[in-house]
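Below are the chains, spelled out letter by letter.
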Amino acid sequence: MARKFFVGGNWKCNGTVAEVSKIVKLLNEADVPSEDAVEVVISPPFVFLPQVKAVLRSDFAVAAQNAWVRKGGAYTGEISAEVLINLEIPWVILGHSERRALLKESNEFVADKVAYALSQGLKVIACIGETLEQREAGETLNVVSEQTKAIAEKIKDWSNVVLAYEPVWAIGTGKVATPVQAQEVHADLRSWLATNVSSDVAESVRIIYGGSVNAGNCVELAGQPDVDGFLVGGASLKAEFVDIIRSAL
Ligand SMILES: O=C(COP(=O)(O)O)NO
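Let me begin by describing the structure that accompanies this report. (Residues numbered from 1 in each chain as written. Predicted model: local features only at pLDDT ≥ 70, side-chain atom pairs only at ≥ 80, totals over all residues. Heavy atoms only, no water.)

1. Some words on the site of the ligand
Phase 1: Around the ligand sit 13 residues in total, of which Lys-12, His-96, Glu-166, Gly-172 and Ser-212 are the nearest.
Phase 2: At a separation of 3.0 Å, an oxygen atom of the ligand approaches a polar side-chain atom of Asn-10.
Phase 3: Lys-12 places a side-chain nitrogen or oxygen 2.7 Å from an oxygen atom of the ligand.
Phase 4: Most atoms of the ligand, that is more than half of them, are within 2 Å of grid points of the second largest pocket.
Phase 5: Looking at the shell around the ligand residue by residue, the class counts come to 4 nonpolar, 7 polar and 2 charged. (Near = heavy atom within 4 Å. Polar contact = N/O pair within 3.5 Å; in protein donor to acceptor, adjacent residues only side chain to side chain. 1 Å grid on protein atoms, 1.4 Å probe; cavity = no way out; pocket = protein on both sides within 12 Å on 5 of 7 lines; lining within 4 Å. Sits in = over half its atoms within 2 Å of the grid points. Nonpolar A, V, L, I, M, F, W, Y, C, P; charged D, E, K, R; others polar.)

The following block contains the structure:
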């Protein structure tokens, strides 16, 4: 089954009104493959979502970087899935390692967020990944399997889920996973899905890589059979993000 290449740009906690306008202008003018070849999703901070959505080219979509775990209400500071749907924001990133580490989001909590977001009609980029200590202890597959299992226990329909493998030790460090390292974990994840969910889900779910992806390393990574795209942080704020999108070819 052909899986459409997926490139997400996670701007994280960055940007000003002027910088957002500059990046969106660059993206709108970029010569990139058609949306038949690559799905591009841009994720600015919440406050810039309407501004970006209003002017972003129609073949790109936008994502929030988080969503609350249940229906909105007395949860100061949170943004609900319902509000994102009301703003016609189609995607949300959930379970990013920065939130798992800094805000102590557990596997269970992330899984509940994924289930609720899907139930409200959002499409989800679900993030998993091990720390350096876990990798060095040979725990990588156990860790990412447990993270995926938590999600699998809460959802039935994977058609609106993209799984993002983002080794924590590669995020923001410049130490990108090698193509062999990325392919190994992606293949293990796909195998886990085949065994524990279904062969159809295993074949159809996009498993994307994140962690120090840039214009110099994206082509070799994209060439791996089980790497279906990227979730890009730092480089998504730069012109080289266009080169990363083009690595879909
Ligand atoms: O966190 C990341 C990756 O960030 P970098 O590309 O800056 O390593 N994606 O969600």
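Moving on, there is more to tell.
2. Comments concerning the layout of surface pockets
Phase 1: For the largest pocket, the calculated volume is near 300 Å³.
Phase 2: If you trace the largest pocket, you find 13 residues lining it, with Lys-12, Cys-13, Gln-65, Glu-98 and Arg-99 closest to the centre.
Phase 3: With 3 residues, helix H4 (residues 97–102) is the largest single contributor of residues to the lining of the largest pocket.
Phase 4: Looking at the lining of the largest pocket, its residues break down into 6 nonpolar, 4 polar and 3 charged.
Phase 5: Empty space within the second largest pocket amounts to approximately 250 Å³.
Phase 6: Lining the second largest pocket are 21 residues, and of these Gly-172, Ser-212, Gly-233, Gly-234 and Ala-235 lie nearest its centre.
Phase 7: Residues belonging to the lining of the second largest pocket are distributed by class as follows: 7 nonpolar, 10 polar and 4 charged. (Points joined across faces, edges and corners; volume = space filled by probe spheres on them. Helix = DSSP H or I, 4+ residues; strand = E, 2+ residues; numbered from the N terminus.)

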